[in-house]
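The residues making up each chain are set out below.
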Amino acid sequence: MPRPRVMLVVTGDDFGYCPRRNQGIVDCFQAGGVSNVSLLVNACAAKEAADLAKRHSIPIGLHANLTEGLPVCRPAFTLTDQHGFLRGKMGFRQALERGQLSMKQVRRHGARERSTGHGSRHGVRTATENLEKSWHFTMSLDHKITRAQDHESPRALEPNMMPPPDVLTWPLRVAAGVRDVFAQVLSDLQIPFTRVPVEPGLHSCPALPAHLRKFYAQVEKDALDSVAVFRRHGIRWPDVYLGLTTMGQNMSVPNLQRALGHALAAGPSPSGGASGPRRPAVTAELMVHPGYPSRAQEGGCGEGPDDFSRSADRQRELSVLSDPALLALYRRERVQLCAFKDL
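Participant: Requested: an account of the overall build of the protein, with residues and values cited.
Facilitator: A count of helical and extended segments in the protein gives 11 helices and seven strands. Counting only residues that meet the buried cut, the protein has 57% of its 343 residues in that class. For the protein, long-range pairs separated by at least 24 residues make up 71% of all intrachain contacts whose partners lie at least 6 apart in sequence.

Participant: Go over the packing of helix 6 (residues 178-188) against helix 7 (residues 210-232) with me, naming the residues and quoting the values.
Facilitator: Direction vectors running N to C along helix 6 and helix 7 enclose 40°, while the axes themselves pass 10 Å from each other. With respect to each other, helix 6 and helix 7 are oriented oblique. The crossing of helix 6 and helix 7 is right-handed. Together, Arg179, Asp180, Phe182 and Ala183 of helix 6 and Asp222, Asp225, Ser226, Val229, Phe230 and Arg232 of helix 7 make up the contact between the two elements. A class-by-class count of the residues in the contact of helix 6 with helix 7 yields four nonpolar, one polar and five charged.

Participant: I'd like to hear about the packing of aromatic side chains, residue by residue, with values.
Facilitator: A complete count under the given rule lists three aromatic pairs for this structure. Taken together, a centroid distance of 5.6 Å and an interplanar angle of 50° make the contact between phenylalanine 193 and phenylalanine 340 tilted. With phenylalanine 193 in the loop between helix 6 and helix 7 and phenylalanine 340 in the segment after strand 7 (335-337), the pair connects residues that are 147 residues apart, well separated along the chain. The burial state of phenylalanine 193 is the same as that of phenylalanine 340; both residues are buried. Between the aromatic rings of phenylalanine 230 and tryptophan 237, the centroid separation amounts to 6.3 Å while the plane-to-plane angle is 55°, which identifies the pairing as tilted.

Participant: Break down the environment of arginine 316 for me, citing the residues and quoting the values.
Facilitator: Within the secondary structure layout, arginine 316 lies in helix 10 (residues 313-321). Overall, the relative accessible area of 30% leaves arginine 316 in the partly exposed class. Sequence separation between arginine 316 and proline 290 is 26 residues, and the spatial gap between their C-alpha atoms is 7.5 Å.

Participant: If you had to explain helix 2 (residues 46-56) to someone new, which residues and values would you point to?
Facilitator: Residues of helix 2 that are buried: Ala46, Ala49, Ala50, Leu52 and Ala53. Viewed end-on, helix 2 has its buried residues packed into an arc of 160°, placing them on one side of the element. Facing away from the buried surface of helix 2 by more than 90 degrees, the exposed residues are Lys47 and Arg55. Just downstream of helix 2, serine 57 is the residue with a positive phi angle, here 55°.

Participant: With reference to specific residues and values, describe the pattern of salt bridges.
Facilitator: Evaluated as defined, the whole model comprises 10 salt bridges. Among the salt bridges present, the one from aspartate 225 reaches lysine 221, with a minimum N-O distance of 2.9 Å. Of this pair, aspartate 225 and lysine 221 both sit in helix 7, four residues apart, which is roughly one turn of the helix. The exposure class assigned to aspartate 225 is partly exposed, which follows from its relative accessible area of 37%.

Participant: Give me the lowdown on the packing of helix 1 (residues 19-30) against helix 2, citing residues and values where you can.
Facilitator: The contact between helix 1 and helix 2 brings their axes to 10 Å, and the two run at 20°. In terms of orientation, helix 1 and helix 2 fall into the roughly parallel class. In this structure, the crossing between helix 1 and helix 2 has a hand that is right-handed. Within the contact between the two elements, helix 1 uses Pro19, Asn22, Val26, Phe29 and Gln30 and helix 2 uses Glu48, Ala49, Leu52 and His56. In the contact of helix 1 with helix 2, the residues fall into five nonpolar, three polar and one charged.

Participant: Give me the nonpolar core: which residues, what numbers.
Facilitator: In this structure, Leu8, Val10, Phe15, Leu39, Leu286, Leu321 and Tyr330 are the most contacted members of the largest nonpolar core, which totals 56 residues. Setting aside residues up to four positions removed in sequence, phenylalanine 15 forms contacts with Asn22, Ile25, Val26, Val37, Ser38, Leu39, Leu40, Ala49, Leu52, Ala53 and Ile60.

Analysis parameters
Residues numbered from 1 in each chain as written. Predicted model: local features only at pLDDT ≥ 70, side-chain atom pairs only at ≥ 80, totals over all residues. Heavy atoms only, no water. Helix = DSSP H or I, 4+ residues; strand = E, 2+ residues; numbered from the N terminus. Buried < 20%, exposed > 50% of the residue type's maximum accessible area, 1.4 Å probe, protein only. Contact = heavy atoms within 4.5 Å. Axes fitted to C-alpha atoms, helices over the stretch in contact; angles between N-to-C directions. Parallel < 35°, antiparallel > 145°, perpendicular 65-115°, else oblique. Left-handed = near helix turned anticlockwise from the far one by under 90°. Nonpolar A, V, L, I, M, F, W, Y, C, P; charged D, E, K, R; others polar. Phe/Tyr/Trp six-rings, centres within 6.5 Å; stacked < 30°, edge-to-face > 60°. Arc of directions from axis to C-beta. Salt bridge = Lys/Arg side-chain N within 4 Å of Asp/Glu carboxyl O. Core = buried A, V, L, I, M, F, W, Y, C linked by side-chain atoms within 4.5 Å.

Okay, here's the thing in structure tokens:
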């Protein structure tokens, strides 16, 4: 068999968001459209999702969430608004900019706070606890994370009896200061992979409107600023990230072919990525959000389903990813779908 040119992790994000998203991701996995999932631990159907992953031997990672819905670690102090919900992406960044999640406070209280040494009494310590509690929640489920092929008999497993997930993905933007906490948690919990969303071909993509170009440019800057921090903690990531230019209505077989072409042109990363001297193939992650649209009042992380989850774009992605034409493209271009543990 010819050696693959691309080892591609197709990550179904937001696993656990709602029963219909869960079922769509499972259907997509069984059709060969996704090869890994990221569990959204504070979502309403997270336990069901973990059971589905076990039942269908789906490789699973964690999706960090410090911005949407209810926190898994409560009370959450400055992470939350007056109603107890996480502040949202913009509110979280504004709290950082206003000093409400002060990094000086992190250092000042680090020596006497229980956590990883990057905790403060308020927001950043709580952020660390939320990440750690997400991990322990997943470890305590009756599911061998990324080891579903072991098929062990059901039993109660303590967190330290189970291997950690191979990846903890961040929802696009890792803000300054928080990236240090994030990297430290990954290192302490021995989670080897994360996501660095710098996509080749992004700036030349004609399908992106101006406001998205501007937003993604900031995403890219945040990601590049995080590289040195991740390297210092020994965290890895695939050579190439894909998914910003192929999301929702922009997902099609031709657009995915174009994205894969950019990945091949970029080639293996000289440092910091997942490829090594024995693996000349390009390693890549494709972020996707397949599923069946959420029903009203069903899903979310404590505040109900959002417009993104209720959009017909979720089923469009499911259809494209399961399209025999795309699977034929993978074979033709020698693209091998895999899980993070295979990199």
